[in-house]
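# Structural description and commentary
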Amino acid sequence: MRPNAIDPKAGTHFTGKIFVVPHALDRAVEHFGVERSAAPMFVMDMLRKASLIDPCVIGEDGNPGRLFAYKRTAFVVDLTENTVITIYPQETAAKHVIEGVGKVLARALKVAQRTEARELKRLAIRRAELNVKRAELELRLVCTKSTTVIRKVNEDLASIDVELAAIANEEFEVKREKSTLAKGICAFI
C-alpha cells in the first residue's frame, strides 16, 4: 500500500464489525452498480481500505459524521459507531482545492524538469570529456608501437567505455524519475 499524506493510518481504522444503514446500501447500488445483496460487503471492503479525511463533518441534513475516502469514493461514518451513514462518488472538488492542488503539482513538475535538465547537462559534459579523452587515447594507440603502451591504452579505453555505459544508465534513470512524476500527476487531472 502506498503512503498516504493525509492519513498515515489509512486502511487500519476498521478492524471489527461495520454496520451499513439501508440508505448507504441504496447509494452503493445507485452510484456503483453493485447488486443489493453484494452491497454490504462492497461498502465494508472499501471502507476497510479508506483514509480518514476529517473526524467531524456536517452533512447536508446537518448531522455530524466522520469522513473517509478511498479511490474517489466518500464514506460518511457515524461519529461514535462503525456505522456507514452514506456513500457516494466524489469526482469533483471545490475550485480553491483544485487550484491549490494544481499549483503544488505544477511546482513539483517544474522542479523535476529543472533537476532533469541540470543532471542531463552535467552528464552530457562528462560524456564529452570522456569522448575527448577517448579520442586522445585512440590517437596515441595509432601512433605507438610499444606493446606496453598499447596494453595500457586498451585498459584505459575499456574503463572509459564502462563509464560511458554508466552515464547512459544514469541519464535513463534521470529521465525515468521525471517521467514517473509526470505520469503520476495524471491521476490528479
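All values derive from a computational prediction rather than experimental measurement.

In this structure, Lys71 takes a positive phi of about 50 degrees despite not being glycine. As for its position among the elements, Lys71 is in the loop between strand 3 (64–70) and strand 4 (73–77).

This part is about the side chain of Glu116. Relative to the helices and strands, Glu116 is located in helix 3 (residues 95–143). Here Glu116 falls in the buried class, since its relative accessible area comes to 15%. When neighbours within four sequence positions are excluded, Glu116 is seen to be in contact with Val174, Lys175 and Lys178.

Bringing the side chain of Glu171 into the picture now. Mapped onto the secondary structure, Glu171 falls in helix 4 (residues 147–185). You can call Glu171 buried: its relative accessible area is 14%. Here Glu171 is in contact with Leu120, Leu123, Ala124 and Arg127, once residues within four sequence places are set aside.

Counting buried positions over the five residues of strand 4 gives five, a clear majority of the element. Side chains of strand 4 alternate between two faces, with Thr73, Phe75 and Val77 and Ala74 and Val76 buried alike. Relative to strand 4, strand 3 runs antiparallel, the two sharing five bridges. In the strand pairing of strand 4, Phe68 is matched with Phe75. Where strand 3 hands over to strand 4, the hairpin turn is made up of two residues, of which Lys71 adopts a positive phi near 50 degrees. Note that strand 4 and strand 5 (residues 83–89) share five bridges and pair antiparallel. Bridging from a neighbouring strand, Val77 pairs with Val84 of strand 5. Adjacent in sequence and paired antiparallel, strand 4 and strand 5 are bridged by five residues.

The rules we used
Residue positions are given per chain, counted from 1 along the sequence in the order it is written. In keeping with the predicted nature of the model, local features appear solely for residues at pLDDT of at least 70, side-chain atom pairs appear and are counted solely at 80 or more, and the whole-chain, interface and lining totals rest on all residues. Remark: hydrogens and water are excluded; side-chain values derive from all non-hydrogen atoms of the structure. Strands are runs of DSSP state E lasting at least 2 residues, helices are runs of H or I lasting at least 4, and numbering of each runs from the N terminus. The classification of residues rests on relative accessible area computed with a 1.4 Å probe and restricted to protein chains. Under 20% of the type maximum is buried, over 50% is exposed, and intermediate values are partly exposed. In this analysis, two residues are considered to be in contact whenever any of their non-hydrogen atoms come within 4.5 Å of each other. Any two strands with at least two DSSP bridges between them are considered paired.

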